Amino acid sequence: MGCLRSGFLLCVFFLLCLESKALEQSRTAAAHAAGLCQTRPTDLIFIVDSSRSVRPSEFEQVKIFLSKVIETLDVGPNATRVGVVNYASAVKNEVSLKTYRNKATLLRAVAKIEPLSTGTMTGLAIQFAMNVAFSEAEGARVRSQGVSKVAIIVTDGRPQDNVKDVSARARDAGIELYAIGVGRVDMNTLKQIASEPLEEHVDYVESYGFIEKLTKKFQEAFCVSDLCATGDHDCEQICISTPGSYKCACNDGFTLQEDGKTCSACTSSTDVVFLIDGSKSVRPENFELVKKFINQIVDKLDVDHNKAQVGLVQYSSSVRQEFPLGRFSSKKDLKDAVKKMSYMEKGTMTGQALQYLISNSFNPSHGARPGVPKVGIVFTDGRSQDYIGDAAKKAKEHGFKMYAVGVGNAVEDELKEIASEPVADHYFYTADFKTINQIAKKLHVKVCEEENPCECESIVKFQKKVDDAIQQVMKKLDAVTKRIAALENKIV
């Protein structure tokens, strides 16, 4: 049965791959139809030719085109800002990027624009847009904010000035240029204006009566599908839309796994205590490396009073608590405290240190939280001068997850005795202090128990996961089929 299900999933996956190209082509249209399209944040300037060759009725058709494009945009201060530059022999800044912050008032302003009815200084208009309309003073956002800058030029004649050089400077300044030509326009001029690839940035219509048909092209140019709404994501629980992409999150009580998609019922709340060997064999220069090792592990933890708490204990011939659990609630403060730890320089009483961990470090009076997983990380560079067996066994009987890290003369049998099961995942050894940073990269503090696939309960859970996966795949396949059908109907 399991093999049949696996084969079925592979078949479905193969079908999805075959249909992916058609899905990509239909996604934007489907997103528009379903209202699932977002527009990426853009500073958009329309540069509109209103020279004497453009009759008043034709200029009205241009304004209708502008309005229809604007209607599809997500207009707002933090979304798309729109400006309009009107030009003939002179240039007029009709609508500034900073002026209209909602769609309704913007559309009313566009409707009031009047033609200038003189010459055709297209180069001058592009220069004005670059220097003035796209300036921060007029409401443009700095490039570091990741906001696209786009200009759409509409013209019906041959310009009376040079457009090639000024257009190149505008493109070099990061402005994406679209060129729309009407009627008697010079096609070479459009190519000199537009950004690459030209086939996507140059358009021509025979008359202003046809300009409205370009609306759909610009709807799609500015559309970014909401992948969460369309179901084109792999999030197990929560999908959060971002422009052209998404990120996954989990419900309360669940933690996002390393794959960035699935969720675990395990909590990120953990009490972690380091037991650090400060005996004289470590030597001061190596003790500084040990402190860096601790802070590498800390960097991986979600440090907070409600999440991961960290305590630090140093031992040699005696045991000294450097700081208890919960004293520091930020990584910075915690790491600063680790750096300030002074070196004890005496013997190696590892058994005594383990007993201190059991009796004190994980006690509520020392900041430990009831019901929260407990993790001990023991670091040593030599053989213990006392017996560790009883304390090591008791720590694991208390349910503490124990990691053992040894360097140099550390005894691997002792490390294995300290480490939790499976031992291979919980003990680490290196001969040289200079390589303990590699151990820090490998050591991941895990507080969730792995499911045993042989247990009946785990098998039931696994079966449910398979069934849920099949349902998700079938939903996506159904969505693909419907979209392809809709696309075929449009083509017909």
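Quick caveat: nothing in here was measured; it's all calculated off a predicted structure. (Residues numbered from 1 in each chain as written. Predicted model: local features only at pLDDT ≥ 70, side-chain atom pairs only at ≥ 80, totals over all residues. Heavy atoms only, no water.)

Enquirer: Would you take a moment to explain the sheet that holds strand β18 (residues 427-430) for this structure?
Expert: Neighbouring strands of a sheet are bound in pairs by backbone hydrogen bonds; such pairs are parallel or else antiparallel. Ordered in space as β15-β14-β13-β16-β17-β18, the six strands form an open sheet in which the pairing is mixed. The outermost strands of the open sheet, each flanked by one partner alone, are β15 (319-323) and β18. When strand polarity is set aside, the average angle formed by the axes of neighbouring strands in this sheet is 15 degrees. Relative to strand β17 (residues 401-407), strand β16 (residues 374-380) runs parallel, the two sharing six bridges. When the sheet's bridge partners are listed, T380 is paired in β17 with G406. The strands that helix α10 (residues 284-299) touches are β13 (270-277), β14 (308-315), β16 and β17; relative to β13, the one it contacts most, it runs at about 170 degrees. (Pairing = 2+ DSSP bridges. Helix = DSSP H or I, 4+ residues; strand = E, 2+ residues; numbered from the N terminus. Axes fitted to C-alpha atoms, helices over the stretch in contact; angles between N-to-C directions. Contact = heavy atoms within 4.5 Å.)

Enquirer: Please clarify how the side chain of S361 should be interpreted in this entry.
Expert: Here S361 lies in helix α12 (residues 350-361). With residues up to four places along the chain from it excluded, the contact list for S361 reads V273, V313, L325, Y356, H366 and A368.

Enquirer: Mind showing me how you'd approach helix α13 (residues 389-397) here?
Expert: Side chains of residues three or four places apart in an α-helix project in the same direction, reflecting 3.6 residues per turn. When α13 is considered as a whole, its buried residues turn out to be G389, A391, A392 and A395. Of the residues one or two after α13, G399 is the one with positive phi, at around 90 degrees. (Buried < 20%, exposed > 50% of the residue type's maximum accessible area, 1.4 Å probe, protein only.)

Enquirer: Is there a simple way to think about the packing of aromatic side chains in this case?
Expert: The geometry of an aromatic ring pair is captured by the separation of the ring centres together with the interplanar angle, meaning the angle of the planes. Scanning the entire structure with this criterion turns up seven aromatic pairs. Aromatic pair F323 and F328: ring centres 5.1 Å apart, planes at 85 degrees, arrangement edge-to-face. Each member of the pair, F323 as well as F328, carries the same accessibility label: buried. Ring centres of F379 and F433 lie 6.2 Å apart, and the angle between their planes is 50 degrees; on these two criteria the pair is classed as tilted. In this pair, F379 is assigned in strand β16 and F433 in the loop between β18 and α16 (436-442), connecting sequence segments 54 residues apart. Each of the two residues, F379 as well as F433, counts as buried. One cation-aromatic arrangement involves K217 over F218; the distance from NZ or CZ to the ring centre is 5.3 Å. (Phe/Tyr/Trp six-rings, centres within 6.5 Å; stacked < 30°, edge-to-face > 60°. Lys NZ or Arg CZ within 6 Å of the ring centre and 35° of its normal.)

Enquirer: Before we go on, may I ask you to explain helix α3 (residues 103-111) in this structure?
Expert: Taken together, the buried positions of α3 are L106, L107, A109 and V110. Each buried residue of α3 lies within a common arc of 160 degrees when the element is viewed along its axis, so the set occupies one face. Buried positions along α3 lie against α2 (56-71), β3 (81-87) and β4 (91-95). Of the residues flanking the start of α3, the one acting as N-cap is N102, its side-chain oxygen 3.3 Å from the backbone nitrogen of A104. (Arc of directions from axis to C-beta. Polar contact = N/O pair within 3.5 Å; in protein donor to acceptor, adjacent residues only side chain to side chain.)

Enquirer: So what exactly am I meant to see when it comes to the environment of D203 here?
Expert: Inspection of the secondary structure puts D203 in strand β7 (residues 202-205). For D203, a relative accessible area of 14% translates into the label buried. It is 9.6 Å that separates the C-alpha atoms of D203 and V154, two residues lying 49 residues apart in sequence. Ignoring sequence-local partners within four residues, the contact set of D203 consists of A179, I180, G181, L190, L214, K217 and F218. A distance of 2.4 Å separates the side chain of D203 from the side chain of K217, its partner in a polar contact.

Enquirer: Help me understand the sheet that holds β3 in this model?
Expert: What the six strands build is an open sheet, ordered β4-β3-β2-β5-β6-β7; its pairing is mixed. In this open sheet, the two strands that pair with only one neighbour each are β4 and β7. Averaged over all adjacent pairs, the angle separating strand axes in this sheet is 20 degrees, with direction ignored. Across four bridges, the pairing between strand β6 (residues 175-182) and β7 is parallel. Of the residues in β7, the one forming a bridge with A179 is V202. The strands touched by helix α4 (residues 122-133) within the sheet are β2 (42-49), β3, β4, β5 (148-155) and β6, with β4 carrying the most contacts at an inclination of about 50 degrees.

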